[in-house]
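So you can see what is in the structure, the chains are spelled out below.
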Amino acid sequence: MQSRRTPGQRSASDGLLDDINKAIIEQLQQDGRRSYAAMAAAVGLSEAAVRQRVQRLLDAGVMQIVAVTDPLRVGFHREAMIGVRVTGDTRVVADTIAELPEVDYVVLTAGSFDLIVEIVAEDDEHLLDLINARIRALPQVLATETFVYLRLVKQTYTWGAR
């Protein structure tokens, strides 16, 4: 979880997002296996310079390079988004829920819910156990609302870098 910044405060990654690094990020968003040589040709640097820039972006937490799977094809048969209402410090509850291995996304929100949590479960029984025994059981959780995914229509990570 990132710490909050006050207005005007810069993060360690702010200086990393020059036009070349943005172009490198876009190259990797299109194809996470793109070679350093191909990226170097596309952005006008040497292969070694691209390799160093990619490593700096990874080290700073600006990006990750991962394999994104379809949960249904790797043995998980239930995905759900859960809206959570809490009492007390939402950050504490978010950190606790984020530690659950089945949770792949946690965001603090404004509006009807304090947190939105995405879960990937083996089946409905596993999802039910997660909701009842691990999330609703937290003393700060007031209520949950579960949105079960029926079909994933679109998932993309190619929004670029502004």
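About the criteria used
- Residues numbered from 1 in each chain as written.
- Predicted model: local features only at pLDDT ≥ 70, side-chain atom pairs only at ≥ 80, totals over all residues.
- Heavy atoms only, no water.
- Salt bridge = Lys/Arg side-chain N within 4 Å of Asp/Glu carboxyl O.
- Helix = DSSP H or I, 4+ residues; strand = E, 2+ residues; numbered from the N terminus.
- Buried < 20%, exposed > 50% of the residue type's maximum accessible area, 1.4 Å probe, protein only.
- Expected span 1.5 Å × (residues − 1).
- Arc of directions from axis to C-beta.
- Contact = heavy atoms within 4.5 Å.
- Polar contact = N/O pair within 3.5 Å; in protein donor to acceptor, adjacent residues only side chain to side chain.
- 1 Å grid on protein atoms, 1.4 Å probe; cavity = no way out; pocket = protein on both sides within 12 Å on 5 of 7 lines; lining within 4 Å.
- Points joined across faces, edges and corners; volume = space filled by probe spheres on them.
- Patch = residues over 30% accessible without salt bridge, like charges linked within 9 Å, V, L, I, M, F, W, Y side chains within 5 Å.
- Areas by Shrake-Rupley, 256 points an atom, 1.4 Å probe, with all protein chains shown as cover.
- Lys, Arg positive; Asp, Glu negative; His and termini not counted.
- Charge placed at Lys NZ, Arg CZ, Asp CG, Glu CD.
- Pairing = 2+ DSSP bridges.
- Axes fitted to C-alpha atoms, helices over the stretch in contact; angles between N-to-C directions.

## Points about the pattern of salt bridges
In this structure the tally under the stated criterion is six salt bridges. We note a salt bridge from Arg78 to Asp124, for which the minimum N-O separation is 2.5 Å. Of the two residues, Arg78 is situated in strand 1 (residues 78–86) and Asp124 in helix 5 (residues 124–135); the sequence distance between them amounts to 46 residues. In this structure Asp124 comes out as partly exposed when scored by relative accessible area, which is 46%. Between Arg91 and Asp89 there is a salt bridge, and its shortest N-O distance comes to 3.0 Å.

## Some words on helix 5
Between its terminal C-alpha atoms helix 5 stretches 15 Å, which fits the 16 Å expected from 12 residues at 1.5 Å a residue. Within helix 5 the residues assigned to the buried category are His126, Leu127, Leu130, Ile131 and Ile135. Angularly, the buried residues of helix 5 cover 135° about the axis, an arc narrow enough to put them on a single face. Buried-residue contacts for helix 5 involve strand 1, helix 4 (90–98), strand 3 (115–121) and strand 4 (141–148). N-capping of helix 5 is provided by Asp123, with a side-chain oxygen placed 3.2 Å from the backbone N of Glu125.

## Description of the layout of surface pockets
What the largest pocket holds in volume is close to 2,100 Å³. Considering the residues around the largest pocket, the lining is formed by 40 residues, among which Gln64, Val66, Tyr105, Tyr157 and Trp159 are closest to the centre. Sorting the residues of the lining of the largest pocket by element identifies helix 1 (19–30), strand 1, helix 4, strand 2 (103–108) and strand 3 as the ones contributing at least two each. No other element matches the five residues that strand 2 contributes to the lining of the largest pocket.

## Let's talk about the environment of Leu130
Tracing the sequence through the fold places Leu130 in helix 5. For Leu130, a relative accessible area of 0% translates into the label buried. Aside from chain neighbours lying at most four places away, what touches Leu130 is Glu102, Ile119, Ala121 and Ile135.

## Focus on a negative patch on the surface
Among the surface-exposed residues, Glu122, Asp123, Glu125 and Asp129 lie close enough to one another that they form a single negatively charged patch. When you line up the elements, Glu122 lands in the loop between strand 3 and helix 5.

## Topic: the sheet that holds strand 2
Strand order in the open sheet formed by four strands is 2-3-1-4, and the pairing between neighbours is antiparallel. Edge positions in the open sheet fall to strand 2 and strand 4, since each of these has one partner strand only. Averaged over neighbouring strand pairs, the angle between their axes works out to 20° when direction is ignored. Across five bridges, the pairing between strand 2 and strand 3 is antiparallel. Across the sheet, residue Val107 finds its bridge partner in strand 3, namely Ile116.

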